[in-house]
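# Results of the structural survey
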Amino acid sequence: MTLANSNETLHRKREQSALSALNWVAVRPYMMIFPAIIVFTLFFLYPIGYMIYLSFHDWNFVSPDKDYVGFSNFTALLQDAKFQQVLRNTFMYSFATVSLTISISLLLALWLNKKGAMYGFVQGAIFSPHIISLVSISMLWMWIMDTDYGLLNWFLNLFGISNIPWLTDPKTSLLSLIIVAVWKGIGYYTLIFIAGLQSIPKDIYEAAALDDTSKVRTFFKLTLPMLSPTLFFLTIIGLIGSFQVFETISIMTKGGPINSTNTIVYYIYENGFRFFKIGYASTAGVILLLVVGVFTIIYFKLLSRKVHYQS
Amino acid sequence: MAEIRLVNIVKKFDEDTVVNNLNLTIEDGSFTVIVGPSGCGKSTTLRMIAGLETPTSGEIWIGDECVTNMEPGKRNIAMVFQNYALYPTMTVRKNIEFGLVNKKVQKAERDSLIQEISDIVGLTDHLDKKPHQLSGGQRQRVALARAMVKKPKVFILDEPLSNLDAKLRGQMRRELIQLHKRLGTTFVYVTHDQVEAMSMGDQIILLDKGVTQQMDSPMNMYHDPNNVFTAEFIGTPPMNILERGHLNAVLPTLFEDVKYVGFKPEHAEIIAGSEERQDHVVLKSEILTTETLGAETIYTVSNAAGMMNVKRFDTPIEETNDVQIAIPYEKLYFFDGQEERIRFIEIDRTAPQQPKPVLVGGV
Ligand SMILES: Nc1ncnc2c1ncn2[C@@H]1O[C@H](COP(=O)(O)OP(=O)(O)OP(=O)(O)O)[C@@H](O)[C@H]1O
Ligand SMILES: [Mg+2]
């Protein structure tokens with residue numbers, strides 16, 4: 001072996017090792033996110049994919065055959081008068097819950113955003129429902145809203161108002177569920193609003209005071225615009241959360257009376273696990289996914305503009 | 001008529017007395033600077049004038065109106081805040097317009113006022129920007145414009161230049177002086193920078209721990225301090241204050257109970273170690289550091305009486321060890337045990353000369 005020859009092999013070896021080092025650098029990031037990818041695929045992508053797959057099939061949960069039916073689940077669902085009511089209920093419930101929760105919480109936050117033991121206590125008190133399980137809350141409110149023995153009607157009787165069948169009359173049942181959701185939500189919303197209010201610099205209020213600004217104008221021209229990121233955040237997460245309401249409905253009304261409180265998630269549950277129409281339930285699931293998806297996209301699109309963020 | 005009078009003003013936060021029995025008069029049309037070390041109650045005083053704080057006791061008068069309990073918005077005062085406090089969600093135009101809308105000024109008049117003011121402060125090209133799109137100096141101008149547009153009786157400014165760099169600060173300082181000349185309105189200006197106070201004010205109020213130390217014109221403040229605090233606060237570098245006990249060997253006999261002796265850095269001369277001077281305090285010294293600033297040189301010297309500054313305008317001295325500093329008797333300032341100035345003093349020059357009473361005062 002000549003010297004030149006051995007030099008050449010050495011050179012090649014070095015080149016090879018350089019190449020593998022390069023590969024390693026390129027591969028390393030993928031290696032590092034691999035575990036997360038596995039989890040994501042297994043628990044997010046696969047179920048979503050499988051749900052979409054099922055929405056094109058007819059399946060009763062036990063039979064080994066899943067019959068491919070094309071879009072017929074979709075056409076049936078969209079023509080289903082019951083599902084149309086379910087969608088209406090869901091939107092009604094969501095918009096009412098979110099707008100009421102936000103307005104009440106904002107007023108509470110304006111009132112509670114002060115120093116003092118009393119304010120801390122009230123804040124704690126209205127926050128407590130947030131940490132109680134929805135099952136307990138539902139049980140509690142079933143009793144409060146009981147037509148004959150409920151606390152609410154007893155209280156209204158004091159003012160001469162006769163018994164209202166809160167949960168058993170289709171006219172009031174959805175409203176009752178909205179009341180429960182608002183009651184549970186205001187503590188958390190108020191807390192976030194107070195945090196938002198406290199992040200507004202004091203001195204712009206002082207500047208406004210020197211500008212002889214009325215309270216109302218200060219609120220609409222300074223406070224509200226400064227709170228807009230908070231407001232926007234709470235609206236979107238509130239809507240997305242409300243679209244998926246299930247526990248209170250399942251425990252308090254089971255979607256009734258006469259379908260008046262049936263919402264998308266409860267409808268999915270009903271079709272899937274009571275009527276064993278898995279394909280049909282999956283189709284409703286796809287629709288919910290689309291609705292939530294649209295709101296999420298709006299959220300991120302609008303987040304980048306329109307809303308004021310402090311620099 | 002917008003003379004501002006503070007009468008026996010006391011301000012406590014819980015048990016902390018921040019302003020203690022303050023009495024002062026800010027003349028109509030003056031440019032009054034309130035100066036003092038950090039935490040001495042300058043902002044608190046200003047905020048009481050503006051109505052953002054209520055005094056614990058005492059009265060505030062603007063012109064012939066007692067405003068102690070009047071709402072800030074009704075006092076006809078405009079304030080420029082240290083960090084500007086612009087309305088972040090509004091454009092420059094809206095910021096300037098905001099107060100006018102509150103005053104129910106008509107749209108056409110508002111527009112012409114905004115135009116006029118933004119011309120004065122040079123913001124015309126930036127009217128449609130939001131505050132976060134502006135530089136520090138531009139924000140400063142918006143804050144000024146917002147204050148000016150209201151045509152207030154009194155302007156109050158709380159360290160408005162402290163966030164700017166040195167060059168811009170100098171420029172804004174001159175602009176503010178011109179602005180004051182043009183408007184003729186009373187300006188009350190807070191700063192902790194004595195250079196700013198000296199260069200801008202026609203009346204200076206020096207505060208310490210919520211108590212007025214001296215209220216005077218810049219020149220008097222500088223040449224005729226009331227006490228050790230003023231003497232040590234004003235001037236770059238400030239007056240050297242020495243304990244009289246360290247100077248007994250070089251001072252003539254003093255017929256007063258003098259505790260401290262002071263002299264200004266520029267009144268001392270540096271002379272050769274062997275030189276002698278009549279009617280001078282002469283101290284054998286060593287030069288520790290030399291700061292050459294171009295036109296002037298500041299020496300830190302050490303001697304039997306301690307460390308002190310000397311400021312000279314001639315060429316820097318090379319020799320650092322065998323030197324003396326000489327201060328003429330008539331340039332000495334004397335203070336008593338309470339650190340108060342003793343203005344008239346007799347010096348016994350008997351040893352070795354004849355007795356000859358001399359008036360001193362460094363003037
Ligand atoms: N809201 C408050 N509550 C309690 N103490 C306060 C309050 N505001 C000011 N102080 C105290 O009052 C004193 C004077 O404060 P002030 O803000 O007037 O000082 P300053 O002279 O403006 O100082 P700086 O030059 O640092 O701005 C300080 O000791 C401060 O701690
Ligand atoms: Mg201050």
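In case you missed it, the structure is sitting above this.
A brief structural summary. (Residues numbered from 1 in each chain as written. Chains lettered and ligands numbered in written order. Predicted model: local features only at pLDDT ≥ 70, side-chain atom pairs only at ≥ 80, totals over all residues. Heavy atoms only, no water.)

## Re the overall build of chain B
Secondary structure assignment for chain B yields 8 helices and 21 strands. Based on the C-alpha atoms only, the size of chain B along its principal axes is roughly 80 × 45 × 35 Å. By the burial criterion, 53% of the 363 residues in chain B qualify as buried. Within chain B, counting contacts between residues at least 6 apart in sequence, those at least 24 apart form 65% of the total. Carbon and sulfur atoms make up 47% of the accessible area of chain B, which amounts to about 16,500 Å² in all. Taken together, the 40 basic and 50 acidic charged side chains of chain B have centroids lying 10 Å from each other. (Helix = DSSP H or I, 4+ residues; strand = E, 2+ residues; numbered from the N terminus. Buried < 20%, exposed > 50% of the residue type's maximum accessible area, 1.4 Å probe, protein only. Contact = heavy atoms within 4.5 Å. Areas by Shrake-Rupley, 256 points an atom, 1.4 Å probe, with all protein chains shown as cover. Lys, Arg positive; Asp, Glu negative; His and termini not counted. Charge placed at Lys NZ, Arg CZ, Asp CG, Glu CD.)

## A short note on the sheet that holds strand E17 (residues 306-312) of chain B
Residues and elements named next belong to chain B. Read from one edge of the open sheet, 5 strands run E14-E18-E15-E16-E17, paired in antiparallel fashion. Bordering the open sheet on either side are strand E14 (269-272) and E17, each of which pairs with just one other strand. Each adjacent strand pair in this sheet contributes to an overall mean axis angle of 45°, direction not counted. Alignment of strand E15 (residues 280-292) against strand E16 (residues 297-303), held across 7 bridges, turns out to be antiparallel. Bridge pairing in E16 places Glu 286 opposite Ser 302. (Pairing = 2+ DSSP bridges. Axes fitted to C-alpha atoms, helices over the stretch in contact; angles between N-to-C directions.)

## A word on the packing of helix H2 (residues 92-102) of chain B against helix H4 (residues 136-148) of chain B
Residues and elements named next belong to chain B. Orientation of H2 relative to H4, taken along the N-to-C sense of each, is 25°, at an axis distance of 8 Å. In terms of orientation, H2 lies roughly parallel with respect to H4. Two packed elements cross with a definite hand, and for H2 against H4 that hand is right-handed. Contact with H2, carried on its side by Val 92, Asn 95 and Ile 96, involves Val 142, Ala 145 and Arg 146 of H4 and no other residues of that element. Of the residues assigned to the contact of H2 with H4, the class counts are 4 nonpolar, 1 polar and 1 charged. (Parallel < 35°, antiparallel > 145°, perpendicular 65-115°, else oblique. Left-handed = near helix turned anticlockwise from the far one by under 90°. Nonpolar A, V, L, I, M, F, W, Y, C, P; charged D, E, K, R; others polar.)

## Some remarks on the packing of helix H5 (residues 134-144) of chain A against helix H7 (residues 173-198) of chain A
Residue and element names in this part refer to chain A. Interhelical geometry of H5 versus H7 gives an angle of 130° and a closest axis separation of 11 Å. In terms of orientation, H5 and H7 fall into the oblique class. As H5 packs across H7, the resulting crossing turns out to be right-handed. Of the residues in H7, those in contact with Leu 134, Ile 137, Leu 140 and Trp 141 of H5 are Ile 179, Val 180, Trp 183 and Lys 184. Taken together, the residues that form the contact of H5 with H7 break down as 7 nonpolar, no polar and 1 charged.

## Description of the pairing of strand E18 (residues 323-328) of chain B
Residue and element names in this part refer to chain B. For E18, the tally of buried residues reaches 6 of 6 residues, placing the bulk of the element in the interior. Side-chain alternation along E18 places Val 323, Ile 325 and Ile 327 on one buried face and Gln 324, Ala 326 and Pro 328 on a second face that is also buried. Judged from the 4 bridges that link them, E14 and E18 form a sheet pairing that is antiparallel. The residue bridging Ile 271 from the neighbouring strand is Gln 324, located in E18.

## Quick look at helix H2 (residues 72-79) of chain A
Buried within H2 of chain A we find Asn 73, Phe 74 and Leu 77 of chain A. Relative to the axis of H2 of chain A, the buried residues are bounded by an arc of 95° and lie together on one face. (Arc of directions from axis to C-beta.)

## Quick look at the site of ligand 1
All names here are of chain B. Taken together, the neighbourhood of ligand 1 is formed by Phe 13, Val 18, Ser 38, Gly 39, Cys 40, Gly 41, Lys 42, Ser 43, Thr 44, Glu 159 and His 192. A distance of 3.0 Å separates an oxygen atom of ligand 1 from a polar backbone atom of Gly 41. Glu 159 is positioned such that a nitrogen or oxygen atom in its side chain is 3.1 Å from an oxygen atom of ligand 1. At 3 residues, helix H1 (residues 42-50) tops the list of elements feeding residues into the shell around ligand 1. Partitioning the shell around ligand 1 into residue classes produces 3 nonpolar, 6 polar and 2 charged. (Near = heavy atom within 4 Å. Polar contact = N/O pair within 3.5 Å; in protein donor to acceptor, adjacent residues only side chain to side chain.)

## Comments concerning the interface of chain A and chain B
Tallying the contact residues gives 17 residues for chain A and 23 residues for chain B. With both chains or domains summed, chain A and chain B bury close to 1,900 Å², and 58% of this area falls on carbon and sulfur atoms. Ranking the residues of chain A by area buried against chain B places Leu 210, Asp 211 and Asp 212 of chain A at the top, with a combined share of 36%. Inspection of the chain A/chain B interface yields 3 salt bridges. (Buried area = accessible area lost by both parts, 1.4 Å probe. Salt bridge = Lys/Arg side-chain N within 4 Å of Asp/Glu carboxyl O.)

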